[in-house]
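Structural overview
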Amino acid sequence: MTEAAPASVEVRDLEKRYGETVGLGSVSLAVEPGELFGVIGPDGAGKSTLFRILVTVLTPDAGTAMVDGLDVVADYREIRKRVGYMPGRFSLYQDLTVRENLEFFASVFGTTVEAGYSLIAPIYSQIEPFEDRRAGALSGGMKQKLALSCALVHRPRALILDEPTTGVDAVSRVEFWEMLAEMTAAGITTLVSTPYMDEAARCDRIALLQAGRLLSAPGTPEAVAASFGAPLVSVRATGDRAALLDRLRAAPGVARADVFGDVVHVTGEGEPSASAALAERLRQSLGVEAAPTAPTVEDVFMARMGDPDTLSSHVQPTDA
Ligand code: ADP
């Protein structure tokens, strides 16, 4: 659907400070052409800083960032033509209508809605019946569709989407990820950020970001989850949770215990193969319902956040 091949994105040792505050530490990652790549991290992780550098509205203090083979500093004009950007909270013009917003974004790039229509049609057709409505009067899900249409109307090779699902309802979130899958199938490289760990599974590959640093080497969601590297046991949380956490944390061979919904995930010491033995020990010594469980991306995040030694040992640039 796009005129040219999808873009690649390559970031090497990228740094950005705001006075004393670290926006980005030394971040390196590579996004392959046509990939749907997720940057997963909480508020303040550095997601917007990274994306603003990639779309050339912010300059890095150190390191390099290339989009579609072009340097974000030297070639910023050309990059702006090649990327579509959806900032956090979807900066639409609230007083303009749906159609006027789309026409505005097309005209900024010297094109027309008609020229870009075939690419945006699957998304825009859903809001077209409300073309004359002011953007400010749309629901969150509709604003999200309009913002994505505006980011796509000039037929970019790469899409950079900053927290597009934050603050929208669960149904719209699912729909949005389906639209992104369609865009990558159409040959657009997509970088998307989210604070929701459960959305990691929707991406081809992910990077976990916290306090301006990667918590793991970028990889498939399965590979990142599998990099957990320690025994993990799920314990059913009944009764007094605080007391249960205290007992679990005090048990021999337990490195940490974290609440995950209605269970507690208990991390042991040693190799992942020791999970069954740890579960058995917890059952015997504490009388809890415990079973080995497969680590999730969230387990990796919890284990590595705030642990600078672990961070540095897991951060490697990816060439594959
Ligand atoms: P995220 O998008 O993951 O929420 P940001 O990139 O917005 O993270 O922020 C990363 C860090 O940089 C945070 O500590 C934030 O407070 C800080 N920061 C971001 N923008 C500015 C700014 N313009 N001035 C000062 N600090 C900033």
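Every value quoted in this text rests on a predicted model; they were computed, and no experiment measured them.

Description of the overall build of the chain
Looking only at helices and strands, the chain features 11 helices and 14 strands. Compactness check: the chain gives a C-alpha radius of gyration of 22 Å against a globular reference of 20 Å for 320 residues, within 12% of the reference. The principal-axis extent of the C-alpha atoms belonging to the chain is close to 70 × 40 × 35 Å. Evaluated residue by residue, the chain yields a buried proportion of 42% over its 320 residues.

As for the domain arrangement of the chain
Quoted interface sizes are often the accessible area lost when the parts come together. Each domain of the chain was delimited in the assignment, giving domain 1 (9-225) and domain 2 (229-294). With centres defined by C-alpha atoms, the gap from domain 1 to domain 2 works out at 38 Å.

Focus: the site of the ligand
Lining the immediate surroundings of the ligand are Tyr 18, Thr 21, Gly 23, Gly 41, Asp 43, Gly 44, Ala 45, Gly 46, Lys 47, Ser 48 and Thr 49. Only β2 (21-31) and α1 (47-54) provide two or more residues apiece to the shell around the ligand. A total of three residues in the shell around the ligand trace back to one element, the largest contributor, which is α1.

Re the packing of helix α4 (residues 113-124) against helix α5 (residues 140-152)
Contact pair α4 / α5: the axes reach a minimum separation of 9 Å and the direction vectors enclose 165°. Comparing the axis directions of α4 and α5 gives the class roughly antiparallel. Once α4 is placed against α5, the crossing between them reads as right-handed. Residue-level contacts link Gly 116, Leu 119, Ile 120, Ile 123 and Tyr 124 of α4 to Lys 145, Leu 148, Ser 149 and Leu 152 of α5.

Comments concerning the sheet that holds β2
Taking strand neighbours across the sheet as the criterion, the four strands line up as β2-β1-β4-β5 in an open arrangement whose pairing is antiparallel. Lying at the two open borders of the sheet, with one neighbouring strand each, are β2 and β5 (70-71). As judged from the five bridges shared by strand β1 (residues 9-18) and strand β4 (residues 62-67), these two strands associate in the antiparallel manner. The residue bridging Glu 15 from the neighbouring strand is Ala 62, located in β4.

Brief notes about the nonpolar core
Core analysis: the largest hydrophobic core is formed by 83 residues, its most contacted members being Leu 54, Ile 160 and Leu 208. It is α5 that provides the largest number of residues to this core, a total of six residues. If you count residues domain by domain, this core takes at least three from each of domain 1 (9-225) and domain 2 (229-294). Apart from the residues lying within four places of it in its own chain, the contact partners of Leu 208 are Ile 40, Gly 41, Leu 214, Leu 215, Ser 216, Val 224, Val 300 and Phe 301.

Conventions we followed
- Each chain has its residues counted from 1, running along the sequence as written.
- This being a predicted model, a pLDDT of at least 70 is required before a residue's local features are given, and a value of 80 or more before pairs of side-chain atoms are given or counted; all residues contribute to the totals for chains, interfaces and linings.
- In this description a helix means any DSSP run of H or I spanning at least four residues, a strand means any run of E spanning at least two, and both kinds are numbered starting from the N terminus.
- The quantity called the radius of gyration is restricted to C-alpha atoms. Its globule counterpart is 2.2 Å times the number of residues to the power 0.38.
- Residue burial here comes from a neighbour count, namely the number of other C-beta atoms, placed from the backbone, that lie within 10 Å of the residue's own C-beta, with 20 or more meaning buried, 12 or fewer meaning exposed, and in between meaning partly exposed.
- For the purposes of this description, domain bounds are those given by an automatic or database domain assignment.
- Nearness rests on one distance test: the residue's C-beta atom, set from the backbone, must lie within 6 Å of the molecule or strand.
- To get an axis, fit a line to the C-alpha atoms, keeping to the stretch in contact for a helix; angles then go from 0 to 180 degrees between the N-to-C directions.
- Angular relationships are summarised with four words: roughly parallel below 35 degrees, roughly antiparallel beyond 145, roughly perpendicular across 65 to 115, and oblique for the angles in between.
- Crossing chirality is assigned from the near helix's rotation relative to the far helix, an anticlockwise turn below a right angle marking it left-handed and a clockwise turn marking it right-handed.
- We call two residues in contact when their backbone-placed C-beta atoms lie within 7 Å.
- Strand pairing requires that DSSP identify at least two bridges connecting the strands.
- We define a nonpolar core as a collection of buried residues of the types Ala, Val, Leu, Ile, Met, Phe, Trp, Tyr and Cys that are connected via C-beta atoms lying within 7 Å of each other.

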